[in-house]
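Architecture and fold: a report
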Amino acid sequence: MTEMTDTTDMTENFRPVVRSLLETDLYKFSMWQALLHWHPGAQAEYEFKCRNRPAYPLTELKDEIERQLDHLCTMTFREEELEYLRSLRYIKSDFVDFLTVFRFQRKFISVETNGDELLIHARGPQVHVMGFEIFVLYIVNELYFRRFDQEAALAEGRRRLDAKIAALKAFGREPMQRNPFEFSDFGVRRRFSGEWHDEVVGRLAAEVPEFFKGTSNVYLAMRYKIHPIGTMAHEYMQSFQAFGVRLRDFQKAALEDWVQEFRGDLGTALTDVVGMDAFLRDFDLYFAKLFDGLRHDSGDPVEWGEKAIAHYAKLRIDANTKRLVFSDGLDLDKAIHLYRHFADRIMTGFGIGTWLTNDLGVKPLNIVMKLVRCNGQSVAKLSDSPGKTMSKDETFLAYLRQVFEHPAA
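None of the values given here were measured: they were computed from a predicted structure.

Further remarks concern the overall build of the chain. Assigned secondary structure in the chain consists of 17 helices and 12 strands. Whereas a compact globule of 409 residues would reach a radius of gyration of roughly 22 Å, the chain reaches 21 Å, a difference of no more than 12%. Taken along the three principal axes of its C-alpha coordinates, the chain extends 65 × 55 × 45 Å. Burial analysis of the chain (409 residues in total) assigns 59% to the buried set. A sequence separation of at least 24 residues applies to 80% of the contacts in the chain between residues at least 6 apart. With 54 positive and 61 negative side-chain charges, the chain shows a spacing of 3 Å between the two charge centroids.

Given below as structure tokens:
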């Protein structure tokens, strides 16, 4: 275990955590564009939550977080970053034009404390506050981990990264199955630091390019000339619970708007907003043909994958033309296990986060910042994993469970 060090002078010299407004998950841009085009007037509220016990109260970071947010709200997109976004065929020119004048507004985000609990809320027009999430998460992470012994942590991280690359190369000497093994970095939100994230992605891209296929971090994708990876997150689907459609139809409405916005690009649908069974009831032949595949983010991954393959078979769709993307708490062993189970029957992909970017001998934080209200009403996901549901509105949760026949956690 890496020990904390005395950093009483940490705030004497300000060191920005955020290096670029491009340094966020790709799906933030894709959802941002879709919501700007289809629901530009939506109002939203996001809440920060730490799901595990940190080594010291996160409330101690309040003043530093405030300074980092002040800095974030002075930043704009650089011209080369805008040009990079324009080069992505699914990013539309009018959205990039919007980004040329975009700046985060400090009045839409607040940092408070309640005892040892850190409270961060973003409230305002959704297209102005949705982008805060990833920046808040890695600001909190980096400030938290700056208090630990950096030299010892990085030495342990490099030792572990060496072992991971060696394990990947050893795996590469085995016979591959029908479909190849491919994984991507999904680790921006819970990383140890930006510099460590750089090092991990750079080494993976250079040393195991046959397996490492991209990153969700758009800034690093541009820097290392690798594929930016991502489609949609829960907040996109949840928003449609408040967009005026019948609640029973919110998933179909969200998927339909996505199809109309991207017309064949970014075709991986997220399945666990109200559970896999309820998702598949809405994922009919029309959507199953239009989307390239599905993403797993909660519940038993083998059971989930078997349900997906059975659903494609029921619709008489060749599963080998589709892809299952796994992204829930993966490490290499879990990913290879899932690959071996499924890869002869369907294409697979693996988004690996914390195990890549925050495996340095210090216990990672389990922090999230989730959409909790939209257009003045509660929204929620009903996770297939205990503990991932995030809503204080028990009445709405009960109604959601009833409508989608989802068992109580």
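Turning to the packing of aromatic side chains, a few remarks are in order. Applying the stated criterion to the full structure yields 36 aromatic pairs. Ring geometry for Tyr 144 versus Phe 145: centroids 4.9 Å apart, planes at 85°, classification edge-to-face. The class for Tyr 144 is buried, based on a relative accessible area of 2%. Given the relative accessible area of 0%, Phe 145 is considered buried.

Taking 1.5 Å per residue as the helical rise, helix H6 (residues 132-145) with its 14 residues ought to reach 20 Å, and the 20 Å between its terminal C-alpha atoms agrees with that figure. Taken across its 14 residues, H6 has 14 buried, putting it largely inside the fold.

According to the stated counting rule, one finds 36 salt bridges in the structure shown. Between Asp 265 and Arg 89 there is a salt bridge whose closest N-O contact spans 2.9 Å. One end of the pair, Asp 265, is in the loop between helix H11 (250-262) and strand E7 (268-270); the other, Arg 89, is in the loop between helix H3 (79-86) and helix H4 (93-100), with 176 residues separating them in the sequence. The exposure class of Asp 265 is buried, given its relative accessible area of 17%.

Once that is clear, we can look at the sheet that holds strand E2 (residues 109-114). Pairing is antiparallel across the open sheet formed by five strands, whose spatial order is E2-E3-E1-E11-E12. Lying at the two open borders of the sheet, with one neighbouring strand each, are E2 and strand E12 (377-378). In the sheet, E2 pairs with strand E3 (residues 117-125) via six bridges, with the strands oriented antiparallel. Within E3, the position partnered with Glu 112 by the bridge is Leu 119. Of the strands in this sheet, E2 and E3 are in contact with helix H2 (residues 62-72), which crosses E2 at around 180°.

Turning to the pairing of strand E10 (residues 347-352), a few remarks are in order. In terms of burial, E10 is largely enclosed, as five of its six residues are buried. Remark: the strand E9 (residues 323-326)/helix H15 (residues 332-342)/E10 crossover connection has right-handed handedness.

The tally for this structure, following the rule as stated, stands at four cavities of 30 Å³ or more. For the second largest cavity, the calculated volume is near 50 Å³. Lining the second largest cavity are Leu 21, Thr 24, Lys 28, Phe 29, Trp 32, Phe 77, Phe 102, Phe 104, Gly 131 and Phe 135. If you tally residues by element for the lining of the second largest cavity, the top one is helix H1 (residues 26-38), at three residues. Tallied by class, the residues present in the lining of the second largest cavity amount to seven nonpolar, two polar and one charged.

Mapping Gln 68 onto the fold places it in helix H2. The class of Gln 68 is buried, set by a relative accessible area of 2%. When neighbours within four sequence positions are excluded, Gln 68 is seen to be in contact with Phe 14, Arg 15, Pro 16, Val 17, Val 18, Ile 139, Leu 143 and Arg 146.

Domain boundaries assigned for the chain yield domain 1 (26-147 + 365-404) and domain 2 (150-358). One C-alpha centre belongs to domain 1, the other to domain 2, and the line joining them spans 20 Å. Domain 1 puts 55 residues into the contact, and the matching count from domain 2 is 54 residues. The contact between domain 1 and domain 2 buries some 4600 Å² in all, and 56% of this surface belongs to carbon and sulfur atoms. At the boundary of domain 1 and domain 2, one finds four salt bridges. At the boundary of domain 1 and domain 2, one finds 24 residue pairs in polar contact (both at pLDDT 80 or more). Broken down by secondary-structure element, the contributors of at least two residues to the side of domain 1 that touches domain 2 are H1, H3, H6, strand E11 (367-374) and helix H17 (394-404).

Here the focus is the sheet that holds E7. In a beta sheet, neighbouring strands are held together by backbone hydrogen bonds and run either parallel or antiparallel to one another. The seven strands lie next to each other as E6-E5-E4-E10-E9-E8-E7, forming an open sheet whose pairing is parallel. The two strands at the open ends of the sheet, each matched to only one other strand, are strand E6 (227-228) and E7. Bridge count between strand E5 (residues 212-215) and E6: two bridges; the pairing is parallel. Looking at E6, one finds that Gly 214 is bridged to His 227. Contacting strand E8 (293-296) and E9, helix H14 (residues 301-314) runs over the sheet at an angle of about 165° to E8. Here H15 sits on the sheet and contacts E9 and E10; the angle it forms with E10, its principal contact strand, is near 170°.

Before going further, it helps to examine the UniProt feature "modified residue: Phosphohistidine" (unreviewed entry) in the chain. Following the UniProt record, one finds the feature "modified residue: Phosphohistidine" (unreviewed entry) at His 234. Take His 234: it is sitting in helix H10 (residues 234-239). Apart from residues no more than four positions distant in its own chain, His 234 is found in contact with Leu 270, Asp 272, Val 273, Asp 297, Lys 370 and Lys 381.

The rules behind these values
- Each chain carries its own residue numbering, running from 1 in the written order of its sequence.
- pLDDT decides what is reported in this predicted model: residues at 70 or higher carry local features, side-chain atom pairs at 80 or more are listed and counted, and totals for whole chains, interfaces and linings draw on all residues regardless.
- Side-chain numbers come from the whole structure's heavy atoms, not from hydrogens or water.
- What counts as a helix is a DSSP run of H or I of at least four residues, what counts as a strand is a run of E of at least two, and both are numbered from the N terminus.
- Taken over C-alpha atoms, the radius of gyration is set against a globule rule of 2.2 Å times the number of residues to the power 0.38.
- Each residue gets one of three labels from its accessible area relative to the maximum for its type: buried under 20%, exposed over 50%, partly exposed in between, using a 1.4 Å probe on protein chains only.
- Should any heavy atoms of two residues lie within 4.5 Å, those residues are counted as being in contact.
- We treat Lys and Arg as the positive residues and Asp and Glu as the negative residues; His and chain ends play no part in the count.
- In plain terms, the charge of a residue is placed at NZ if it is Lys, CZ if Arg, CG if Asp and CD if Glu.
- Ring pairs shown here join Phe, Tyr and Trp side chains whose ring centres sit within 6.5 Å, with only the six-membered ring taken for Trp; geometry is labelled stacked below 30 degrees between planes, edge-to-face above 60, and tilted in between.
- A helix is expected to reach a length of 1.5 Å times the quantity of its residues less one.
- Basic side-chain nitrogens of Lys or Arg form a salt bridge, by our definition, when they fall within 4 Å of a carboxyl oxygen of Asp or Glu.
- For two strands to be treated as a pair, DSSP must find at least two bridges joining them.
- Axis definition: a line fitted to C-alpha atoms, limited for helices to the stretch in contact. Angles are taken between N-to-C directions and run from 0 to 180 degrees.
- Note on handedness: a crossover is taken as right-handed if, strands pointing away from the viewer, the path from the first strand over the helix to the second is clockwise.
- Any residue with an atom within 4 Å of a point lines the site, the site being either a cavity, points on a 1 Å grid over the protein atoms alone where a 1.4 Å probe fits but cannot get out, or a pocket, an open set with protein on both sides within 12 Å along at least 5 of 7 lines.
- Grid points are joined across faces, edges and corners, and a volume is the space filled by probe spheres set on the points.
- Gly counts as polar in this scheme, as do all residues outside two lists: the nonpolar Ala, Val, Leu, Ile, Met, Phe, Trp, Tyr, Cys and Pro, and the charged Asp, Glu, Lys and Arg.
- An automatic or database domain assignment is the source of the domain bounds shown.
- Each of two parts loses accessible area, computed with a 1.4 Å probe, when they are put together; buried area is these two losses added.
- Here a polar contact means two N or O atoms within 3.5 Å. Within protein one must be a hydrogen donor candidate and the other an acceptor candidate, and residues neighboring in sequence count only if both atoms are side-chain atoms.
- UniProt positions are given in the numbering used here, feature names are shortened, and annotations may be inferred rather than shown by experiment.

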